[in-house]
Amino acid sequence: MSGKRTFTMIKPDAVESGNIGNILQMISNAGFSIKAMKFTQLSEERAKAFYAVHAERPFYGKLVDYMSSGPIVAAILEKDNAVEDFRTLIGSTDPAEAAEGTIRKIYAESKGRNAVHGSDSDENAKIEGEFHFYANEVI
Ligand code: UDP
Ligand code: MG
């Protein structure tokens, strides 16, 4: 059975462009509730660790620089079928390919600077949530 929780980050480009509120509104309107949330910034080391699965990819260095370049909002979200439904809400990695009405279609600048992160599996949602939050910070 699919899980009820996923993990998201509002990425530096969307924070910089003043869209935290707009994106949280879309998340809320889509039926997700917030179980933990913080405004924070990843160090280069923490960004490297978070994206370690992509370490061999050509875009890894740029991704780490971007994700550590400014503040982010990290949050754990709850809804039935959370992982899959949140991926649908955010749209494809590249906003040029994202469906109309998705968060990335509306707010992402490019495939690299793409406004939001969404976990790709229940297992990764748990790992990523625990990367950012202590158990006593999660409702
Ligand atoms: N990314 C990039 N270039 C690419 C693919 C990915 O810069 O060709 C960045 C982008 O910010 C993306 C992140 O690396 O969100 C993680 O990539 P992934 O394939 O996991 O995409 P996502 O799951 O975020 O849609
Ligand atoms: Mg991914």
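Rules used throughout
- Residues numbered from 1 in each chain as written.
- Chains lettered and ligands numbered in written order.
- Predicted model: local features only at pLDDT ≥ 70, side-chain atom pairs only at ≥ 80, totals over all residues.
- Heavy atoms only, no water.
- Helix = DSSP H or I, 4+ residues; strand = E, 2+ residues; numbered from the N terminus.
- Buried < 20%, exposed > 50% of the residue type's maximum accessible area, 1.4 Å probe, protein only.
- Phe/Tyr/Trp six-rings, centres within 6.5 Å; stacked < 30°, edge-to-face > 60°.
- Contact = heavy atoms within 4.5 Å.
- Pairing = 2+ DSSP bridges.

For the rest of this paragraph, the subject is the overall build of the protein. Regarding its fold elements, the protein presents seven helices and four strands. Start at the N end of the protein and walk to the C end: the helices and strands fall as β-α-α-β-α-α-β-α-α-β-α. Taken along its principal axes, the extent of the C-alpha atoms in the protein is 35 × 35 × 30 Å. For the protein, buried positions account for 43% of its 139 residues.

Right, let's get into the packing of aromatic side chains. Taken as a whole and assessed by the stated rule, the structure comprises four aromatic pairs. Relative to Phe50, the ring of Phe7 has its centre 6.0 Å away and its plane inclined at 45°; by these criteria the two rings are tilted. Here the residue Phe7 occupies a position in strand 1 (residues 5-10), and Phe50 occupies one in helix 3 (residues 44-50), the gap between them amounting to 43 residues. Like Phe7, the residue Phe50 is buried in the burial classification.

Moving on, we get to the environment of Tyr107. The topology assignment puts Tyr107 in helix 6 (residues 103-107). With 12 residues separating them in the primary sequence, Tyr107 and Ser119 have C-alpha atoms 18 Å apart. Apart from the residues within four sequence positions on either side, Tyr107 is in contact with Asp13, Asn19, Asn22, Ile23, Met26 and Ala115.

This brings us to the pairing of strand 3 (residues 72-78). The element strand 3 is extensively covered by neighbouring structure, given that six of its seven residues are classed as buried. Note that strand 1 and strand 3 share six bridges and pair antiparallel. Residue pairing in the sheet places Thr8 in a bridge with Ala75 of strand 3. Of the strand pairs in this sheet, strand 2 (residues 33-40) and strand 3 are connected by seven bridges, and their pairing is antiparallel. Each residue of the ladder has a partner; that of Ile34, found in strand 3, is Leu77.

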